[in-house]
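Summary of structural features
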Amino acid sequence: MKTINDFNFKDKKALVRVDFNVPQDDQLKVTDNTRITAVKPTVEKILNDGGSVILMTHLGRPKGEVKDEFSLKHIVDEVSSVLGQEVKFVDECIGEKAEKAAADLQPGEILLLENLRFHHEEEKGDAGFAEQLSKLGDAFVNDAFGTAHRAHASTAVIAQYFESTKFFGLLMAKELQAIDKVLRKGERPVTAILGGSKVSTKITIIENILPAIDNLIIGGGMAFTFIKALGGKIGNSLVEEEKLPLALEILGKAKENQVKVYLPSDVIIAEAFNNDAERKEADIYAIPEGWMGLDAGPKSRDQFNDVLLNSRTILWNGPIGVFEMSNFAAGTIALGDSIAESTKLGAFSLVGGGDSVAFVKQFGYGEKVSYVSTGGGAMLESLEGLELPGVAAINK
């Protein structure tokens, strides 16, 4: 893996693709700077070498039009604050103005280019646009794992103009190493937890990870499709009727791969999808009509805990209850506690995929697990076994 540690950036201008697609409030102030903080080690390495940094990113979905609300001028103060020095800004990313700003940049300085997606050529993967961007730097660094699954001009196409000076940033390298640690170099037993609402969104992941894991915990809404396929009565719980045969097929494949599958045995059920609805515990195979399962029950939590405390490598993708409603968050909280405890005992734990990352942030588990992935779609495609365009472009 070619990373920035393999190169000395002294007197070089590094064109660094980052993912600063950050959430903002009504005043366009950044409300969560995690993605900015994540690239700080990469920026510091280049500056410490005596190089300069030109940051390029997208923000939101302006769809090729210049729109003030999506301008990066609104986030430049936050970027400066996080990186600990003034970050210069230019309101263009290609052309004379951008080229002059890049040319004037001195060693130790940082420049932020305007939103790449103000040009529709970015998302089209246009080679001419990529070539114009490439004129700004001496080396290309991809540190945007969150967009690595996109074959856009700045994430993949641009790399061809930097044959010997294209590198992974330190964040990107960490992401790829974390996935590798789970899927290829994981210390056994390896346990994967797949939650969330639909089996259909996780089929490819399950098929790809089965040869690499020992245990598979299935929770959340998707568990009910498996329970119904096995003959259980699930009341009004979420189910994908057309996926019942597939659920049985997955269980068969797991058996072939000698993977133990753990489904919830009990659930917290409610009469309505509502935090204040009447609720009670029930056997997951015998949920009464008119009731729906919204969280893993106490027996399931204990069973999952036993599996996790005996695991050395853990992958967590998706919650096992509707944690957004406080009365149905206990199962996912218990799962988080079990993963944190196992990590404390020396296991490697990787959390990836939108909802589980949101949970980890909201409930403060970020420091209690080994690694929290910054890339939703990119993480999922990696787990599906796909080579990401942004990764392939550097490896070529």
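As the structure is a computational prediction, the values presented were derived from the model and not from experiment.

**A closer look at a nonpolar patch on the surface**
A contiguous nonpolar patch, built from Leu230, Leu248 and Tyr285 and spanning about 260 Å² of accessible area, is present on the exposed surface. Along the chain, Tyr285 turns up in the loop between strand S12 (279-283) and strand S13 (286-287). Of the residues examined, Tyr285 reaches a relative accessible area of 37% and is grouped as partly exposed.

**Focus on the pattern of salt bridges**
Applying the stated rule across the entire model yields 17 salt bridges. Ionic pairing is found between Asp180 and Arg184, a salt bridge with its closest N-O pair at 2.4 Å. A relative accessible area of 16% places Asp180 in the buried class. The shortest N-O distance in the salt bridge between Arg312 and Glu187 comes to 3.1 Å. Separated by 125 residues along the polypeptide, Arg312 in the loop between helix H11 (298-309) and strand S15 (313-317) and Glu187 in the loop between helix H7 (170-183) and strand S7 (190-194) bring together distant segments of the chain. Through salt bridges with shared partners, a single network forms among Asp180, Arg184 and Lys185.

**Examining the UniProt feature "binding site: (2R)-3-phosphoglycerate" (unreviewed entry) in the protein chain**
Here the UniProt-annotated "binding site: (2R)-3-phosphoglycerate" (unreviewed entry) positions come out as Arg35, Arg117 and Arg150. With respect to the helices and strands, Arg35 occurs in helix H1 (residues 34-38). For Arg35, the residues in contact, after removing those within four places along its chain, are Asp19, Phe20, Asn21, Val22 and Thr374. A polar contact is formed between the side chain of Arg35 and the backbone oxygen of Asn21, at a distance of 3.1 Å. With respect to the secondary-structure elements, Arg117 resides in the loop between strand S4 (110-113) and helix H5 (121-124). With sequence-adjacent residues up to four places away left out, Arg117 is seen in contact with His58, Gly60, Arg61, Pro62, Lys63, Gly64, Glu65, Glu122, Glu123 and His152.

**Side note on unusual backbone geometry**
In this chain, Arg188 is followed by Pro189 through a cis amide linkage whose omega measures 0 degrees. Among the structural elements, Pro189 can be located in the loop between H7 and S7. Of note, Lys63 is a non-glycine position whose phi angle comes to about 55 degrees, a positive value. Assignment of secondary structure puts Lys63 in the loop between strand S2 (52-56) and helix H3 (76-83).

**A few points about the pairing of strand S16 (residues 348-351)**
Because side chains alternate across S16, one face comprises the buried residues Phe348 and Leu350, and the other comprises Ser349 and Val351, equally buried. Relative to S16, S15 runs parallel, the two sharing four bridges. Counted as the bridge partner of Leu315 is Leu350 from S16. A crossover links S15 with its parallel partner S16, the connecting element being helix H12 (residues 330-344), and its sense is right-handed. Here S16 runs beside strand S17 (residues 371-372); their pairing, made up of two bridges, is parallel. From the neighbouring strand, Leu350 faces S17, where its bridge partner is Tyr371.

**A short note on helix H14 (residues 376-383)**
An α-helical turn contains 3.6 residues, so a residue and the one three or four places further along point in the same direction. Considered for burial, the residues of H14 that qualify are Ala378, Met379, Ser382 and Leu383. The arc enclosing the buried residues of H14, seen along the axis, measures out at 135 degrees, which places them on a common side. Gly385, located one to two residues past H14, shows a positive phi value of around 90 degrees.

**Details of H12**
Its 15 residues place the ends of H12 21 Å apart at the C-alpha level, agreeing with the 21 Å of an ideal helix rising 1.5 Å per residue. By the burial criterion, the buried members of H12 are Gly331, Thr332, Leu335, Gly336, Ser338, Ile339, Ala340, Ser342 and Thr343. Positive backbone phi, approximately 110 degrees, marks Gly346, located one or two places after H12.

**Observations regarding the domain arrangement of the protein chain**
If you check the domain split of the protein chain, you get domain 1 (4-171) and domain 2 (186-383). The centre of domain 1, based on its C-alpha atoms, is set 36 Å off from the matching centre of domain 2. On the side of domain 2, 10 residues touch domain 1, which itself brings nine residues to the contact. Together, the buried faces of domain 1 and domain 2 total about 690 Å²; carbon and sulfur atoms form 60% of this surface. Looking at the side of domain 1 facing domain 2, the largest losses of area belong to Phe145, His149 and Leu171, adding up to 64% of the total buried there. Put simply, Lys361 and Asp32 hold a salt bridge, and the shortest N to O gap is 3.2 Å. For the pair domain 1 and domain 2, the interface holds one residue pair in polar contact (both at pLDDT 80 or more). Broken down by element, the residue count for the side of domain 1 that touches domain 2 peaks at three residues, all from H1. Its residues placed into classes, the side of domain 1 that touches domain 2 shows four nonpolar, three polar and two charged.

What counts and what doesn't
- Residues numbered from 1 in each chain as written.
- Predicted model: local features only at pLDDT ≥ 70, side-chain atom pairs only at ≥ 80, totals over all residues.
- Heavy atoms only, no water.
- Patch = residues over 30% accessible without salt bridge, like charges linked within 9 Å, V, L, I, M, F, W, Y side chains within 5 Å.
- Areas by Shrake-Rupley, 256 points an atom, 1.4 Å probe, with all protein chains shown as cover.
- Salt bridge = Lys/Arg side-chain N within 4 Å of Asp/Glu carboxyl O.
- Helix = DSSP H or I, 4+ residues; strand = E, 2+ residues; numbered from the N terminus.
- Buried < 20%, exposed > 50% of the residue type's maximum accessible area, 1.4 Å probe, protein only.
- UniProt positions renumbered as here; feature names shortened; annotations may be inferred.
- Contact = heavy atoms within 4.5 Å.
- Polar contact = N/O pair within 3.5 Å; in protein donor to acceptor, adjacent residues only side chain to side chain.
- Pairing = 2+ DSSP bridges.
- Right-handed = clockwise from strand over helix to strand, strands pointing away.
- Arc of directions from axis to C-beta.
- Expected span 1.5 Å × (residues − 1).
- Domains from an automatic or database assignment.
- Buried area = accessible area lost by both parts, 1.4 Å probe.
- Nonpolar A, V, L, I, M, F, W, Y, C, P; charged D, E, K, R; others polar.

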